[in-house]
Amino acid sequence: MHRNIEEILITEEEIRKRVRELSQRISKDYKDRCVTFIGVLKGSFVFLSDILKNLTIDCNVDFIGLSSYEGTKSTGIVRTVLDLKENIQDKDVIIVEDIVDSGLTANYLIHNFRTRRPKSIRICTLLDKPAARKIYVPVKYKGFSIPNKFVVGYGLDYNENYRNLPYIGVLKKSAIKKEDLCQ
Ligand code: 5GP
């Protein structure tokens, strides 16, 4: 285990098993259709890549870059820092998120994408923190519900670190910069 991790919440094996199940469900739900997966950068890239490897349907992939977090705190203001490359009109879209926390990001994306007139939009997230929700989000595919703790690993970062950890872990308080602990 990494020296700055206090506790492993979800192991590599648990993630592998659950991601395979989600991929199978998506493949079944969209049988004989082509799905456009939109990965929300950067946190979803590991999850998205594992979802794709287990799919048995055809798919396209695109990315959107958003920013609302600084350190361990959400600023509450979502900004697009990189837009989609492809046109999603008449496409079956699945938005792939690392984690739905307040729900503001997912809500922003659904409203933003609806204006581009896709055929359908669904949300797939590896993690869900229901206790932190500020706005309702219709999550169709969910990996795990977790407590309201700041987690890293499997694509999720703290100030750009820890994305490479193969598990989901809780950071030690001592590894979080002091100013982040003050409100
Ligand atoms: P929301 O808009 O739902 O509050 O937050 C979504 C984004 O916040 C996620 O895509 C992720 O980048 C970031 N986020 C929320 N909770 C956590 C967390 O526990 N750990 C990390 N690393 N990022 C988080």
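Further up the page is the structure itself.
First, a word on what this report is: a plain description of the structure on this page. Along each chain, residue indices are assigned from 1 in the same order as the chain's sequence is written. Residues qualify for local features only when their pLDDT is at least 70, as the model is predicted, and side-chain atom pairs are given and counted only at 80 or more; totals for whole chains, interfaces and linings, by contrast, use all residues. Side-chain measures were taken over the full set of non-hydrogen atoms in the model, leaving aside hydrogen atoms and water.

**What about the site of the ligand?**
Alright, step 1. Residues are classed as near a molecule or strand on a simple rule: at least one heavy atom within 4 Å of it. In the neighbourhood of the ligand, 16 residues make up the surrounding shell, with D98, S102, T105, V151 and D157 lying closest.
Alright, step 2. Any N or O atom pair separated by 3.5 Å or less is treated as a polar contact, with the protein-specific requirement of one donor-capable and one acceptor-capable atom, and with residues adjacent in sequence counted only for side-chain atom pairs. The contact in question runs from an oxygen atom of the ligand to an N or O atom on the backbone of D101, over 2.8 Å.
Alright, step 3. Elements are defined by DSSP. Helices are runs of H or I of four residues or more, strands are runs of E of two residues or more, and each kind is numbered from the N terminus. Counting residues per element, the ones that place at least two in the shell around the ligand are β5 (92-100) and α3 (104-114).
Alright, step 4. Charged residues are taken to be Asp, Glu, Lys and Arg, nonpolar residues to be Ala, Val, Leu, Ile, Met, Phe, Trp, Tyr, Cys and Pro, and polar residues to be all remaining types, Gly included. Partitioned by chemical class, the residues of the shell around the ligand number seven nonpolar, three polar and six charged.

**Brief notes about the pattern of salt bridges**
Alright, step 1. For this analysis, a salt bridge means a side-chain nitrogen from Lys or Arg found within 4 Å of a carboxyl oxygen belonging to Asp or Glu. Applying the stated criterion across every chain, the model contains 16 salt bridges.
Alright, step 2. When the shortest N-O distance is used, the salt bridge between R116 and D83 registers 3.0 Å. Residue R116 is found in the loop between α3 and β6 (120-128), and its partner D83 is found in the loop between β4 (73-82) and β5; the two are separated by 33 residues along the sequence.
Alright, step 3. Several salt bridges converge on common partners, so that one network encompasses K42, D157, E160 and R163.

**Quick notes on the pairing of strand β9 (residues 168-171)**
Alright, step 1. In this analysis, strands are considered paired if DSSP registers two or more bridges between them. Pairing of strand β1 (residues 5-10) with β9, which is carried by four bridges, proceeds in the antiparallel orientation. The residue of β9 that forms the bridge with I5 is L171.
Alright, step 2. Where strand β8 (residues 151-152) lies against β9, two bridges are found, and the strand directions are antiparallel. Along β9, the bridge assignment pairs V152 with G169.

**A few points about the nonpolar core**
Alright, step 1. I26, F37, F47, I94, L127 and I168 are the most contacted members of the largest nonpolar core, which totals 27 residues.
Alright, step 2. Looking at this core, the elements that each hand over two or more residues are α1 (12-29), β2 (34-41), α2 (45-53), β5, β6, β7 (139-145) and β9.
Alright, step 3. Sort the elements by how many residues they give to this core and α1 lands first, with four residues.
Alright, step 4. I94 has contacts with I26, Y30, V35, T36, F37, I38, R122, C124 and Y141, leaving out every residue within four places of it along the chain. Side-chain atoms within 4.5 Å link the members of a nonpolar core, which is a set of buried Ala, Val, Leu, Ile, Met, Phe, Trp, Tyr and Cys residues. When a residue's accessible area, from a 1.4 Å probe over protein chains only, is under 20% of the maximum for its type it is buried; when over 50% it is exposed; and in between it is partly exposed. Throughout, a contact is declared for two residues whenever any of their heavy atoms are within 4.5 Å.

**With respect to the packing of α1 against α2**
Alright, step 1. For every element, the axis is a line fit to its C-alpha atoms; helices are fit only across the contacting stretch, and the angle between N-to-C directions ranges from 0 to 180 degrees. In contact at an axis separation of 8 Å, α1 and α2 are set at 60° when each is read in the N-to-C sense. Classified by the interaxial angle, the pair formed by α1 and α2 is oblique. Between α1 and α2 the crossing geometry is right-handed. Listed contacts from α2 to V19, L22 and S23 of α1 are F47, D50 and I51.
Alright, step 2. When grouped by side-chain class, the residues that make up the contact of α1 with α2 number four nonpolar, one polar and one charged. For classification, angles of less than 35 degrees are called roughly parallel, those exceeding 145 degrees roughly antiparallel, those between 65 and 115 degrees roughly perpendicular, and all remaining angles oblique. By definition, turning the near helix anticlockwise from the far helix through less than a right angle yields a left-handed crossing, and turning it clockwise yields a right-handed one.

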